[in-house]
Number of protein chains: 2
Amino acid sequence: MKTIEIKKGSIIQRKGDLNTKIYRVEKGMLRSFSIDNKGKEHIFMFAPEGWIVADGADVNLPAELYIDAIEDSTIHVFEKELTHRTLESKPLLNRISVLQKRIIMLMSSSAIERYEHFKETYPHILQRVPQKMIASYLGITPEALSKVKGDKLREK
Amino acid sequence: MKTIEIKKGSIIQRKGDLNTKIYRVEKGMLRSFSIDNKGKEHIFMFAPEGWIVADGADVNLPAELYIDAIEDSTIHVFEKELTHRTLESKPLLNRISVLQKRIIMLMSSSAIERYEHFKETYPHILQRVPQKMIASYLGITPEALSKVKGDKLREK
DNA sequence: CAAATGCATTAACCTAGATTAAGAAATAAC
DNA sequence: GTTATTTCTTAATCTAGGTTAATGCATTTG
């Protein structure tokens, strides 16, 4: 295990890199994201203090996700290889549960519904990251999020 | 472990049921799906012979997904409780990898791109299930899938 | 076999969200 | 504190995909 301190904006993993690392956030916040063929970013996950981020792609294949710091951060870096032997199933099952819910949400809820759900589920993250990143996580543009939030307010 | 034979169309798990079972398909095909607040189905997964289906939601919470047979099927039913102790991390990690890719796809690819990807990834399933179910899996309507396929052909 | 149901396709119209652009407000940098 | 850079909002326009509806096939069912 290695501990590193990184500045906001530092990229610690790129798509195509070896996918052998797991990151545990001690301080600050990381995010993982993909970049599509039009150059657009799609945030896959936010990881504040205490959270673990890793590219879930197969260890033997190149990384699919970028991972960077969105705040100055202190990170513990582990090798997947070493941790995988002792891995408990509970956190993995929990992760699967979260991903399943995310897929269902993406398929069946509107932008504003996904936003409301995010707000309830991750209120602490909502306050800490720019709204355009929330939009990216939700799968919409910043303009669209701004609009649906405004509509929501007005209709009350 | 219990083995059951079920007819096409039989529902073996509903949203809200106890979420304690895992199903292994010996013959035929199952699918899991959710129903949104407008009554629309969204297929989460197809499971042909040899595959395992289960609702990934927390075991202690009610099931989120429906599971039914889309062909006459023979199924082995296991209790999650019993299997979870001996669960290896490899298949779980693989599952996480698949779900991650699905989320990225839903956020960053068009309907036709998702269709092409499905076709390459699950050609055997494509041939066996009605196109409207593929559409449901992709997160679009049957009409939209029919249209983009037609457009694709014509533009060549 | 006939009738009924389910499935795929096409087309007209509609809408959520994308795109583009401009300005206001907030944050960061000097 | 002033300037520069991000971020957020609003508005006009555009588009992928949704909705509704009609038609033709294919598959079940009685």
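Preceding this paragraph is the structure being described.
Residues numbered from 1 in each chain as written. Chains lettered and ligands numbered in written order. Predicted model: local features only at pLDDT ≥ 70, side-chain atom pairs only at ≥ 80, totals over all residues. Heavy atoms only, no water.

K.L.:
Is there a simple way to explain the protein's contact with DNA strand C in this structure?
P.N.:
Looking at DNA strand C, there are 14 residues lining it, with Ala111, Thr141 and Ala144 of chain A together with Gln131 and Lys132 of chain B nearest. Counting only the atoms of DNA strand C that lie within 4 Å of the protein, the sugar and phosphate share comes to 76%. In this structure, a phosphate oxygen belonging to DNA strand C sits 3.0 Å away from a side-chain N or O atom of Thr141 of chain A. A distance of 2.7 Å separates a phosphate oxygen of DNA strand C from a polar backbone atom of Gln131 of chain B. Residue assignment for the surface near DNA strand C shows that the elements contributing at least two residues are helix 6 (142-154) of chain A together with helix 5 (131-138) and helix 6 (142-154) of chain B. Sort the elements by how many residues they give to the surface near DNA strand C and helix 6 of chain B lands first, with 3 residues. Class assignment for the residues of the surface near DNA strand C results in 4 nonpolar, 5 polar and 5 charged. (Near = heavy atom within 4 Å. Polar contact = N/O pair within 3.5 Å; in protein donor to acceptor, adjacent residues only side chain to side chain. Helix = DSSP H or I, 4+ residues; strand = E, 2+ residues; numbered from the N terminus. Nonpolar A, V, L, I, M, F, W, Y, C, P; charged D, E, K, R; others polar.)

K.L.:
Which parts of the structure should I look at to understand the sheet that holds strand 6 (residues 52-53) of chain A?
P.N.:
In a beta sheet, neighbouring strands are held together by backbone hydrogen bonds and run either parallel or antiparallel to one another. All names here are of chain A. Read from one edge to the other, the open sheet built from 4 strands follows the order 1-8-3-6, with strand pairing classed as antiparallel. Single-partner strands in this sheet number two, and they are strand 1 (2-6) and strand 6. One ladder, built from 6 bridges, connects strand 3 (residues 21-27) with strand 8 (residues 73-79); its direction is antiparallel. From the neighbouring strand, Val25 faces strand 8, where its bridge partner is Ile75. (Pairing = 2+ DSSP bridges.)

K.L.:
Would you mind going over the pairing of strand 3 (residues 21-27) of chain B with me for this structure?
P.N.:
Successive side chains on a regular strand alternate, one facing one side of the sheet and the next facing the other. With 2 bridges joining them, strand 3 of chain B and strand 6 (residues 52-53) of chain B adopt antiparallel strand pairing. Paired with Tyr23 of chain B across the strands is Val53 of chain B, a residue of strand 6 of chain B.

K.L.:
I keep staring at the protein's contact with DNA strand D and nothing clicks. Help me out?
P.N.:
Inspection of the region around DNA strand D gives 14 residues, with Gln131, Lys132 and Ser146 of chain A together with Ala111 and Ala144 of chain B positioned closest. Backbone atoms, meaning sugar and phosphate, make up 75% of the atoms of DNA strand D lying within 4 Å of the protein. Gln131 of chain A has a polar side-chain atom sitting 2.7 Å from a phosphate oxygen of DNA strand D. Here Lys132 of chain A contributes a side-chain N or O atom positioned 2.4 Å from a phosphate oxygen of DNA strand D. Those elements giving two or more residues to the surface near DNA strand D turn out to be helix 5 (131-138) and helix 6 of chain A together with helix 6 of chain B. For the surface near DNA strand D, the element with the most residues is helix 6 of chain A, which contributes 3 residues. A per-class count over the surface near DNA strand D returns 4 nonpolar, 5 polar and 5 charged.

K.L.:
Can you help me understand the interface of chain A and chain B in this one?
P.N.:
A common way to report how large an interface is uses the accessible area buried once the components associate. Counting residues at the interface gives 33 residues for chain A, matched by 33 residues for chain B. Considering only the surface of chain A that becomes buried against chain B, Gln100, Ile103 and Met107 of chain A emerge as the three largest contributors, covering 23% of it. Our enumeration of links across chain A and chain B arrives at 2 salt bridges. For Lys101 of chain B, the salt bridge identified is with Glu64 of chain A, shortest N-O distance 3.6 Å. (Contact = heavy atoms within 4.5 Å. Buried area = accessible area lost by both parts, 1.4 Å probe. Salt bridge = Lys/Arg side-chain N within 4 Å of Asp/Glu carboxyl O.)

K.L.:
Looking at this structure, how should I read helix 3 (residues 111-121) of chain A?
P.N.:
Quick reminder: α-helices carry 3.6 residues per turn. Residues three or four places apart thus point the same way. Every buried residue belonging to helix 3 of chain A is among Ala111, Ile112, Arg114, Tyr115, Glu116 and Phe118 of chain A, and all of these are buried. Residues of helix 3 of chain A that are buried sit in contact with strand 5 (41-48), helix 2 (89-108), helix 4 (123-128), helix 5 and helix 6 of chain A. (Buried < 20%, exposed > 50% of the residue type's maximum accessible area, 1.4 Å probe, protein only.)

Everything listed is a geometric property; what it means functionally is a separate question.
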